[in-house]
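Fold and contact review
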Amino acid sequence: MVVRQHRSGGGARAVCALAAMGVMAAAAGCSGGGGDRAAADDRAGAGAVEAVRRAAVVLSGTGTGSASPVGNPGAESRSGAGTAKVSTSMETAAGGTRVTIRGRGTYDFRTRSGRLRVVLPQDAAGEEEHLPITELLAPGALYMMNRGAGVPEDKWVRIDTTALADGNLVTGGATDPMAAAELLRGARAVTYVGETDLAGVTVRHYRGTTDIARAARHASAPSRGALTAAAEGFRTHMVPFDAYLDEQGRLRKVRHRFTFANEGPAVEVVSTTLLYGFGVAVSVPVPAERDIYTGAIGTGEIEQGRQP
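Residues numbered from 1 in each chain as written. Predicted model: local features only at pLDDT ≥ 70, side-chain atom pairs only at ≥ 80, totals over all residues. Heavy atoms only, no water.

1. Here we look at unusual backbone geometry
Of note in the backbone geometry, Arg-112 takes a positive phi value of approximately 55 degrees without being a glycine. For Arg-112, the position within the fold is in the loop between strand E3 (97-108) and strand E4 (113-119). Backbone geometry places Asn-168, a non-glycine residue, at a positive phi of 65 degrees. According to the relative accessible area criterion, Asn-168 is buried, its value standing at 4%. (Helix = DSSP H or I, 4+ residues; strand = E, 2+ residues; numbered from the N terminus. Buried < 20%, exposed > 50% of the residue type's maximum accessible area, 1.4 Å probe, protein only.)

Right under this line is the structure:
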């Protein structure tokens, strides 16, 4: 698995940089939603677009997903998420083999920081075992432990996500949960599919496409740099998605389908983020400068140079 920070050939380079990616196996199915026709109409069209675009604000606790339910005036103030447990996965085909990368951890949407343990697959022959990678996510930065050849075991590698051609939407093997939500700010065509059950929680399923460039323009300041890099690095800005929101407007699950077509045949990368356990305690201490590796990194592992 490789991380490259190149501007040229952005999308395809990002895909080549990954040894493998995977999708969440337990994808929730959809059934016809309940409720009256008026409620269904309110969730479609402009209402659907607005609900999806507000996902990032609701998660950070700076906004709400809907008006307070009748008889429960305090619900609106409690609808913000703040923090959550996270499961991530990515999927693509490499060398004719469908491979996966999975991650699990916690995330604080107020500080835009989180900690993930990312598990890499074996190589194509099934012979090579990879140590799990610890990733610390922060605004504009990705810190990785057990990341590359030649890096001491007790050192972190720091990557500037605003210098990555994909803004770290896929390069790190997991989409930053806040970036996944912020990406929905660019939602254009959105359809309300219906209600379904996700791990015992009733959620509303929305399907549509989002524009990376629009998302970058409307993103919050901490997320804007990485999304702007992605908007400049992707040749195809439109990203299909499936988003699942609970009754409080909180994003519970989102699946993005990224397409890279800068070099050779188009390659699809499916990134899924699952959020649960809202309100969990999250601590993400940024590594001290003395703990960050600044030496040379083995060829084929991480390249941090830029090309014009």
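Anyway, onward from the coordinates.
2. Observations regarding the side chain of Asn-168
Position of Asn-168 relative to the elements: it lies in the loop between strand E7 (156-160) and helix H6 (177-182). Setting aside its immediate chain neighbours within four residues, Asn-168 contacts Leu-142, Thr-161, Ala-174, Thr-175 and Asp-176. (Contact = heavy atoms within 4.5 Å.)

3. Some words on the pairing of strand E12 (residues 267-276)
Of all 10 residues that make up E12, seven are buried, and the element is covered over most of its length. With eight bridges connecting them, strand E11 (residues 251-260) and E12 associate as antiparallel partners. The residue of E12 that forms the bridge with Lys-253 is Leu-274. (Pairing = 2+ DSSP bridges.)

4. Considering the pattern of salt bridges
Counting across every chain of the model gives nine salt bridges. Residue Arg-110 pairs with Asp-108 through a salt bridge whose shortest N-O separation is 3.1 Å. Residue Asp-108 is classed as buried on the basis of its relative accessible area, which comes to 8%. One salt bridge in this structure joins Arg-207 and Asp-242, with 2.8 Å as the shortest N-O distance. Of this pair, Arg-207 sits in strand E9 (residues 201-211) while Asp-242 is found in strand E10 (residues 238-245), placing the two residues 35 residues apart along the sequence. Of the residues examined, Arg-207 reaches a relative accessible area of 44% and is grouped as partly exposed. We classify Asp-242 as buried; its relative accessible area is 3%. Among the charged side chains, a salt-bridge network with shared partners connects Arg-112, Glu-182 and Arg-185. (Salt bridge = Lys/Arg side-chain N within 4 Å of Asp/Glu carboxyl O.)

5. Quick look at the environment of His-218
Along the chain, His-218 turns up in helix H7 (residues 212-218). When the C-alpha positions of His-218 and Leu-184 are compared, they lie 9.9 Å apart, and in sequence the two are 34 residues distant.

6. Quick word on helix H8 (residues 221-233)
Taking 1.5 Å per residue as the helical rise, H8 with its 13 residues ought to reach 18 Å, and the 19 Å between its terminal C-alpha atoms agrees with that figure. Taken residue by residue, H8 has Ser-223, Ala-226, Leu-227, Ala-229, Ala-230, Ala-231 and Gly-233 as its buried positions. (Expected span 1.5 Å × (residues − 1).)

7. Examining the side chain of Arg-185
Following the sequence through the fold, Arg-185 ends up in the loop between H6 and strand E8 (187-198). Residue Arg-185 is classed as buried on the basis of its relative accessible area, which comes to 17%. Contacts of Arg-185, omitting those with residues within four sequence positions, involve Arg-53, Ala-56, Val-57, Arg-214, Ala-215, His-218, Ala-219 and Ser-220.

8. Observations regarding the pairing of E11
In terms of burial, E11 is largely enclosed, as eight of its 10 residues are buried. Between E10 and E11, which pair antiparallel in sequence order, lie five residues; one of them, Gly-249, sits at a positive phi of approximately 85 degrees.

9. Describing the nonpolar core
Membership of the largest hydrophobic core comes to 40 residues, with the highest contact counts inside it found for Leu-59, Leu-184, Val-190, Tyr-206, Leu-251 and Leu-275. Broken down by element, this core gets its largest block of residues, four residues, from helix H3 (residues 46-53). Grouped together as the second largest cluster of nonpolar side chains are 18 residues, Met-90, Leu-169, Ala-216 and Phe-234 included. (Core = buried A, V, L, I, M, F, W, Y, C linked by side-chain atoms within 4.5 Å.)

10. Remarks on H3
If you check which residues of H3 are buried, you get Ala-48, Val-49, Ala-51 and Val-52. With its buried residues spanning 165 degrees around the axis, H3 presents them on a single face. (Arc of directions from axis to C-beta.)

11. Some remarks on the packing of aromatic side chains
Enumeration over the complete set of coordinates arrives at three aromatic pairs. Where Tyr-107 meets Phe-109, the ring centres are 4.9 Å apart and the plane angle is 55 degrees; that geometry is what we call tilted. Given a relative accessible area of 0%, Phe-109 falls into the buried group. Note that Lys-253 overlies the ring of Tyr-244, its terminal NZ or CZ placed 5.4 Å from the centroid. (Phe/Tyr/Trp six-rings, centres within 6.5 Å; stacked < 30°, edge-to-face > 60°. Lys NZ or Arg CZ within 6 Å of the ring centre and 35° of its normal.)

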